[in-house]
Amino acid sequence: MIRRLVCATVIGMLLVPLTATVASASPQPSIATAASADDPIVAGDAYPGDPVAEAALVAAEERRIIDIDAIDSQVSAADASNGQPYRVSQGALPTLVLTERDSAYTLSELTELAPRTVVQQDDGSFLISENILVTRGATLRITAPAGSEVRLASSPSGFVSIVTDGGSLSVRGSDAARLPVTSWDPVAERPDLLTDDGRAYLRVSGGVADLQNATFSDLGFWSGLTGGVAFTGTVLPDGLGATSGEPVDAPAGTDGDLLDELLPADGGVATLDLEPGLTDSFASGVVHDVTFSRNAFGLFVTNSDRVEIYASVIEDSLVDGLVFHRDVTNSRVESTESRGNAQDGFDLARATTGIVLSGLTAVDNGRNGITIEGRPLVDGPSATGIGTGSYGDNQVTDSTSTGNGRYGIEVVGGDGITIDDNTVSDNQMGIVVTFGATGVVIRDNRVLQSARQGIALRDSAVDAVVEQNEVRGAPIGIFASDAGGSFQRNIISEVTNHGITLVGETGASIVVENRISGSGPSAVDVTRTTGAAVRANEVSGWESTKPLDVVLRSVFQPLTVLWLLIGLILLVSLGARRRARGIRDPFADHAPLGTYSRGVFDIDDLRSRPDRGAERAERGREAA
């Protein structure tokens, strides 16, 4: 029993390192480098408003715009306004409807057309206290003398919006003096800082926006459509009205009396023409040298084509900075900074294609600096029959993303994404690719001082190109889990765990000609994957600092442990057998010479004794 107990104990003790060694040979991520184990949720700053109240206000705004559009359709069909602007009482505040004409409406003209609601105050600022709707074929151009400000009334009693319904909007200051546009509480005599009762906003729907040398601040609430400044196209959200092209009935209670007030109009200013080939259902716009500050969303763009944004700043938004939401195509953002926003600095959501981001700066945002999402909108049959294809053909070049709460640049699915010549520093992780992204190229980037991983590919395709990047200062320089591709000529330094780690299904990845320095268990870790080719990497600057458990696993290889186990079992078994027989003297069957004589002999006695040999011979003859 004792022998069996000892053997079982020794076997159990030896099988522990054996099991650990075998487990380490299988492609399973450790806790230190698992894709999900060390990726805490970073959601950014919480929205400060009232979700229930604000969502209801968004729905009411959409209903109001649809109702006024229905009214305008009937007015146009009956030619009831004779082509003149008119006012409709619909919602908390009346709406001034600007009808189609060749010349643009101006701010100074509005003070004459609507002197009760568009007022130039004593300090030179303009206070607009009713909604303005710019219909198809009309353009509103807002300019003001240097030093003046455009204020949109916004208080608990109601808020003003400027919305184009197929029309266009131009807001221009000058190189010498920007034109500020802000919400304004007339009672408190300051911008409206609360969103729970709604807040003034601007929205270009299905026309052209021209924003230059201006500042838009403290605008918007809750949704992208009402988020501050928005380019949205005329595609209506689900459930908010009839589809495009269908007749829309006038709101109940109008009884054909559609106009509260007809306003005269005169011309004199050329209209802002639509770009050739732009359809009515999409918005377009140019934004140059504009600051968006403290809006709900800095600038929200959806259902738009050829949006150009240059030399602008987006800061301190309550949600995201710049958002390209759905069906934004052929657009460009250059030399623009997005900083201090609650969520992402720049967010390219799903169904955006052909977007060029160049010369961007994303600093101190609550979540990601730059997010590019290309996943399909659906993964199967849907009510509207949307395709299941992914989106892509987007690129980020020559940009900086630093000090953000989560990632510097994140690619979420999609195809054909290029991340080239960017500086990404002081984020939780530098550049991260996830959710099956394919055709991703990450080249010539500088990824510095990441808290966990410099460049990470997770659950994506195995065709990524990660080449010629500098990764400095991170526990793991380049990490790929169930993703792979070509990892070549990267310079990785000051890492403290692994230079390059491949885990899981990484395909026929190649890790070639990388220069790796730092310290940790290994410069290149491919023990948890198969099929990777590793060669010609310069690792002379690597200092191995394997922990004790790693060293023991490397020493106690399965075959070595097996032979040690057999030898120890034999030794233990032999020892147990000897102990079972007890302890005995090996010389017990021998006696000292002194026991055979008294030790003193007389010579005469010896002579007198019979011949022993003769006696033995005689006994032998007798026996025979």
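Residues numbered from 1 in each chain as written. Predicted model: local features only at pLDDT ≥ 70, side-chain atom pairs only at ≥ 80, totals over all residues. Heavy atoms only, no water.

(A) Representation of the overall build of the protein chain in the model. A count of helical and extended segments in the protein chain gives seven helices and 45 strands. A total of 624 residues make up the protein chain; the buried ones form 48% of that total. A total accessible area of about 28700 Å² is found for the protein chain, and carbon and sulfur atoms account for 55% of it. (Helix = DSSP H or I, 4+ residues; strand = E, 2+ residues; numbered from the N terminus. Buried < 20%, exposed > 50% of the residue type's maximum accessible area, 1.4 Å probe, protein only. Areas by Shrake-Rupley, 256 points an atom, 1.4 Å probe, with all protein chains shown as cover.)

(B) View of a nonpolar patch on the surface. Nonpolar side chains collect at one region of the surface, where L559, L562, W563, I566 and L570 lie side by side and expose about 550 Å² of accessible area between them. Position of L559 among the secondary structure elements: in helix α5 (residues 558-581). Residue L559 is classed as exposed on the basis of its relative accessible area, which comes to 58%. (Patch = residues over 30% accessible without salt bridge, like charges linked within 9 Å, V, L, I, M, F, W, Y side chains within 5 Å. Salt bridge = Lys/Arg side-chain N within 4 Å of Asp/Glu carboxyl O.)

(C) Structural detail: the nonpolar core. Judged by nonpolar contacts, the single largest core of 88 residues is most densely connected at L140, L152, F216, F231, F324 and L457. In terms of nonpolar packing, the next biggest core, distinct from the first, is built from 13 residues, I68, I71, V88 and V163 among them. (Core = buried A, V, L, I, M, F, W, Y, C linked by side-chain atoms within 4.5 Å.)

(D) Representation of the pairing of strand β42 (residues 515-520) in the model. Burial along β42 is one-sided: I516, G518 and G520 are buried, while R515, S517 and S519, pointing the other way, are not. Strand direction decides the pairing type here: β42 and strand β45 (residues 538-544), joined by five bridges, are parallel. For R515, the partnering residue across the bridge sits in β45 and is E538. (Pairing = 2+ DSSP bridges.)

(E) The arrangement of the side chain of S170 in detail. As for its position among the elements, S170 is in strand β11 (residues 168-172). A distance of 3.3 Å separates the side chain of S170 from the side chain of D210, its partner in a polar contact. Sequence-distant contacts of S170, that is, excluding residues within four places in its chain, are made with L140, R141, I142 and D210. (Polar contact = N/O pair within 3.5 Å; in protein donor to acceptor, adjacent residues only side chain to side chain. Contact = heavy atoms within 4.5 Å.)

(F) Structural context of the environment of D444. Mapped onto the elements of the fold, D444 is located in the loop between β34 (441-443) and β35 (446-448). The partly exposed category is assigned to D444, whose relative accessible area is 28%. Once residues within four sequence positions are removed from consideration, D444 is found in contact with D420, D421, N422, E467, Q468 and N469. At 3.0 Å, the side chain of D444 and the side chain of Q468 are in polar contact.

(G) Representation of helix α2 (residues 51-78). The terminal C-alpha atoms of α2 lie 41 Å apart, and with 28 residues this matches the ideal 40 Å at 1.5 Å per residue to within 8%. The N-cap residue of α2 is D50: its side-chain oxygen and the backbone nitrogen of V52 are 3.2 Å apart. Positive backbone phi, at 50°, marks D79, one or two positions downstream of α2. (Expected span 1.5 Å × (residues − 1).)

(H) Structural view of the pattern of salt bridges. Counted by the stated rule, this structure contains 22 salt bridges. Its salt-bridge partner being R101, residue E109 comes within 2.8 Å of it at the nearest N-O pair. By relative accessible area, R101 is classed as buried at 13%. Ionic pairing is found between D525 and R528, a salt bridge with its closest N-O pair at 2.4 Å. One continuous salt-bridge network, built from bridges that share partners, spans D123, E149 and R151.

(I) How the structure looks around the confidence of the model for the protein chain. Chain-level pLDDT for the protein chain is 82 on average; 74% of the residues reach the 70-or-more range. Below pLDDT 50 for its whole length, residues 235-258 participates in 28 contacts with residues either more than four positions away or in separate chains. Note that residues 264-280 has pLDDT below 50 and, in this model, 49 contacts with residues that lie over four places away or in other chains. (pLDDT = per-residue confidence, 0-100.)

(J) Representation of the environment of V539 in the model. Locating V539 in the fold gives a position in strand β45. A relative accessible area of 34% places V539 in the partly exposed class. A sequence separation of 16 residues divides V539 from A523, and the C-alpha atoms of the two residues are 6.7 Å apart. Leaving out residues up to four positions away in the same chain, V539 has contacts with I516 and A523.

(K) View of unusual backbone geometry. The phi torsion at D482 lies on the positive side, around 50°, for a residue other than glycine. Of note, D482 is situated in the loop between β38 (470-481) and β39 (485-488). Owing to a relative accessible area of 30%, D482 belongs among the partly exposed residues under this scheme. At A536, a position not held by glycine, the phi torsion is positive, near 55°. On the secondary structure map, A536 appears in the loop between β44 (533-535) and β45.

(L) Structural context of the pairing of strand β14 (residues 208-217). Counting buried positions along β14 gives 10 out of 10 residues, so the element sits mostly inside the fold. With four bridges connecting them, β11 and β14 associate as parallel partners. Paired with L169 across the strands is A209, a residue of β14. With four bridges connecting them, strand β12 (residues 179-184) and β14 associate as parallel partners. Paired with T182 across the two strands is S217, which belongs to β14. For β14 and strand β17 (residues 283-293), the ladder comprises nine bridges, and the chain directions are parallel. The residue of β17 that forms the bridge with A209 is G285.

(M) Up close: the environment of V466. Looking at the element boundaries, V466 is found in strand β37 (residues 464-467). In the structure, V466 is positioned 23 residues away from R443 in sequence and 5.9 Å away in space, judged by C-alpha atoms. Residues within four places of V466 in sequence aside, it is in contact with I442, I455, L457, I478, S486, F487, Q488 and N490.

(N) Structural view of the packing of aromatic side chains. Enumeration according to the criterion identifies six aromatic pairs in this entry. Consider the rings of Y47 and W222, whose centres lie 5.4 Å apart with planes at 70°: the pair is edge-to-face. Of the two residues, Y47 is situated in the loop between α1 (2-25) and α2 and W222 in the loop between β14 and β15 (228-231); the sequence distance between them amounts to 175 residues. Classification of W222 as partly exposed rests on a relative accessible area of 32%. Between the aromatic rings of F216 and F292, the centroid separation amounts to 5.7 Å while the plane-to-plane angle is 15°, which identifies the pairing as stacked. Note that F216 is positioned in strand β14 and F292 in strand β17, a separation of 76 residues in sequence. For the residue pair F216 and F292, the accessibility class agrees, reading buried in each case. Here a set of aromatic residues connected by ring pairs shows up, and it is made of F159, Y201 and F221. (Phe/Tyr/Trp six-rings, centres within 6.5 Å; stacked < 30°, edge-to-face > 60°.)

(O) Broad picture of the side chain of T164. Position of T164 relative to the elements: it lies in strand β10 (residues 161-165). Only 3.3 Å separates the side chain of T164 from the backbone oxygen of G167, close enough to count as a polar contact. In this view, T164 contacts V134, L169, R203, V204 and S205; residues no more than four positions away in its chain are not counted.

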